[in-house]
Amino acid sequence: MAPTVAQITMAAGMDALVNVEVGGRGVVGAMHAAARDAEGGPLCLAAADRLLRTIHRRDVVILATGLPIAPWFRGEQDGPVGAATLARALVLGIGARPVIVTDPANVALCAAAVAGAGLHVGSLEEARRLPTTAAVLDFPLEWAAADARAAELLGSLAPAALIAIERPGANEHGHYHSAAGLPLTEHCAKIDALFRAGRAREVLSIGVGDGGNELGCAKIRDAVLRAIPRGGRCACPCGGTVVPVTETDVLVTAAISNWGAYGIEAAMAMLLGRPDVLHPREVDARVYDRCAAAGANDADAGLLDPGADGVPGPLHGHVVDLLACMVRNALDFGKMYREPRYPWL
Ligand SMILES: [Zn+2]
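Report on the accompanying structure. (Residues numbered from 1 in each chain as written. Predicted model: local features only at pLDDT ≥ 70, side-chain atom pairs only at ≥ 80, totals over all residues. Heavy atoms only, no water.)

1. Considering the nonpolar core
- Counting 82 residues, the largest nonpolar core has Leu51, Leu90, Ile264, Met268 and Leu323 as the members making the most contacts within it.
- Beyond its immediate stretch of four places on either side in the chain, Leu90 contacts Leu51, Ile55, Val61, Leu63, Gly95, Ala96, Ile163 and Met268.
- Residues Leu153, Leu154, Ile191 and Phe195 belong to the second largest nonpolar core, which totals 23 residues. (Core = buried A, V, L, I, M, F, W, Y, C linked by side-chain atoms within 4.5 Å. Buried < 20%, exposed > 50% of the residue type's maximum accessible area, 1.4 Å probe, protein only. Contact = heavy atoms within 4.5 Å.)

2. Structural notes on the coordination of the zinc ion
- Distances from the zinc ion to its protein donors, His177 (NE2), Cys234 (SG), Cys236 (SG) and Cys238 (SG), fall within 2.0 to 2.3 Å.
- Around the zinc ion sit 4 donor atoms, and with donor-metal-donor angles ranging over 104 to 117 degrees the site reads as tetrahedral.
- Within one chain, the residues donating to the zinc ion are spaced in sequence as H-x56-C-x1-C-x1-C. Residue His177 is located in the loop between β7 (161-165) and α8 (192-200), and its partner Cys238 is located in the loop between α9 (221-227) and β9 (250-253); the two are separated by 61 residues in the primary sequence. (Donors = N, O, S within 2.8 Å, 3.2 Å for Na, K, Ca; no water. Tetrahedral: all angles 85-135°; square planar, octahedral: opposite > 155°, others 65-115°. Helix = DSSP H or I, 4+ residues; strand = E, 2+ residues; numbered from the N terminus.)

3. Let's talk about the side chain of His279
- Locating His279 in the fold gives a position in the loop between α10 (257-272) and α11 (281-293).
- Separated by 2.7 Å, the side chains of His279 and Glu265 make a polar contact.
- Here Asp284 takes part through its side chain, which lies 2.8 Å from a polar atom of the side chain of His279.
- Apart from residues lying up to four places away in sequence, His279 is in contact with Thr85, Arg88, Tyr262, Glu265, Asp284 and Val320. (Polar contact = N/O pair within 3.5 Å; in protein donor to acceptor, adjacent residues only side chain to side chain.)

4. Focus: the pairing of β7
- Along β7, 5 of the 5 residues are buried, which leaves the element largely enclosed by surrounding structure.
- Burial along β7 is two-sided: the face carrying Ala161, Ile163 and Ile165 and the face carrying Leu162 and Ala164 are both buried.
- Alignment of β7 against strand β8 (residues 204-209), held across 5 bridges, turns out to be parallel. Opposite Leu162, over in β8, you have Ser205 as the bridge partner.
- Where the polypeptide runs from β7 across α8 and back to β8, its parallel neighbour, the crossover connection is right-handed. (Pairing = 2+ DSSP bridges. Right-handed = clockwise from strand over helix to strand, strands pointing away.)

5. Focus: the environment of Ala235
- Here Ala235 lies in the loop between α9 and β9.
- Put simply, Ala235 and Pro183 are 52 residues apart on the chain and 7.1 Å apart in space, counted from C-alpha to C-alpha.
- Here Ala235 is in contact with Gly181, Leu182, Pro183 and Arg230, once residues within four sequence places are set aside.

6. Things to note about unusual backbone geometry
- In this structure, the amide linkage connecting Ala70 to the following residue, Pro71, adopts the cis form with an omega of 0 degrees.
- In this structure, Ala299 is a non-glycine residue whose phi angle is positive, near 50 degrees.
- The residue Ala299 is located in the loop between α11 and β10 (307-308) in this model.
- For Ala299, a relative accessible area of 28% puts it in the partly exposed group.

7. Structural notes on the packing of aromatic side chains
- For the structure on display, the rule yields 1 aromatic pair.
- Each ring, one from Trp143 and one from Tyr176, has its centre 6.2 Å from the other, and the planes form 25 degrees; the classification is stacked. Taken together, the positions of Trp143 in helix α7 (residues 143-157) and Tyr176 in the loop between β7 and α8 put the pair 33 residues apart, joining distant regions of the chain.
- The class for Tyr176 is buried, based on a relative accessible area of 0%. (Phe/Tyr/Trp six-rings, centres within 6.5 Å; stacked < 30°, edge-to-face > 60°.)

8. What to know about the pattern of salt bridges
- For the structure shown, the criterion picks out 10 salt bridges.
- Across the pair Arg53 and Asp49 runs a salt bridge, and its minimum N-O distance is 3.0 Å. Here Asp49 and Arg53 lie together in helix α3 (residues 43-54), a separation of 4 residues that amounts to about one turn.
- Between Arg167 and Asp103 there is a salt bridge; the shortest N-O distance is 2.7 Å. On the criterion of sequence distance, the pair formed by Arg167 in the loop between β7 and α8 and Asp103 in the loop between β4 (97-102) and α5 (107-116) is long-range, its members being 64 residues apart.
- Taking relative accessible area as the criterion, Asp103 reaches 1% and is therefore assigned buried. (Salt bridge = Lys/Arg side-chain N within 4 Å of Asp/Glu carboxyl O.)

9. Quick look at the sheet that holds strand β6 (residues 133-138)
- The strand order β5-β6-β4-β1-β7-β8-β9 describes an open sheet built from 7 strands, whose pairing is parallel. If you trace the sheet from one side to the other, it starts and ends with β5 (120-122) and β9, each paired once. Strand after strand, the sheet turns through a mean of 25 degrees between neighbouring axes, direction not considered.
- Where strand β1 (residues 60-65) lies against β7, 5 bridges are found, and the strand directions are parallel. Bridge pairing in β7 links Thr65 to Ile165.
- The sheet contacts of α3 involve β7, β8 and β9, and relative to β9 the element is tilted by about 135 degrees.
- α7 rests against β1, β4 and β6 of the sheet, and its axis sits at about 160 degrees to β6. (Axes fitted to C-alpha atoms, helices over the stretch in contact; angles between N-to-C directions.)

10. Examining the environment of Trp72
- Checked against the element boundaries, Trp72 lands in the loop between β2 (68-69) and β3 (74-75).
- Residue classification places Trp72 among the partly exposed residues on the basis of a relative accessible area of 47%.
- Residues Trp72 and Ala255, spaced 183 residues apart in sequence, show a C-alpha to C-alpha distance of 24 Å.
- With residues up to four places along the chain from it excluded, the contact list for Trp72 reads Asn297 and Gly302.

Written out as structure tokens, the structure is:
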């Protein structure tokens, strides 16, 4: 069933909430406008709707995340937290089997995030066989090995969807960069190989990004080049842009990529009529705590404090709370005009 006018209206609000400029980078407004124009409607809803139509119970969904931060070249909490909470939502909402792929250096912190989200962490075989269990796999750093691994995973798992959350993507020269244009190539698993091979097989792909250097932002290439100071010319010898070339079917922008994942969860909860599909704030706090303790930094002061992109851990829970409120209100949208919500008034 196509989303109703009420659902589209509430979803526009969810998009607005997760795209509010909080970090002071000044790029999310332009990125969101360009992505919304390309999609022709609210982004979180488009992603949720496609996921719900495509994924069936026990289907594997591959979520790619992890953005190496210099000088440690280990991941930040933005990305792994959202991948973990979205994996939980896909399990609760659809009965999907999540498989997380990331850089070799980020396996432990992604596993910690997944466990924080309430899922068991198991082998690939266990993740396919057991409910509420996710596998966390490293992906090769070399292109040839990445191509082989992509073919192997797509063949053996037949994933119903590929979702990249705050996952750097390779530019036109095959190089990876931070949003500031600094080189990350040698530290990034070549997960673009998986998404390219997946697209060739017409597997649904979704990208979630907040800076323009993430996998999926090819869809709004011109907007990123205009919005980001080093967008058109990186700060590494490759001399290319920071915009990845691999496109995804849907691009979800957000002020912080984790919030994009939350928005997709909220839209799924709304479409399913099940508020429990969106993770609660207690789970959000636990995911941040465990991910940070496992070595993911806050992408602010470089500390292992819970938080992402300069926003401290507890504030992310408020965004979850607001989205949960919107999900509940979407379920009786406009009712106050049809009948009194509170009969004593
Ligand atoms: Zn470069």
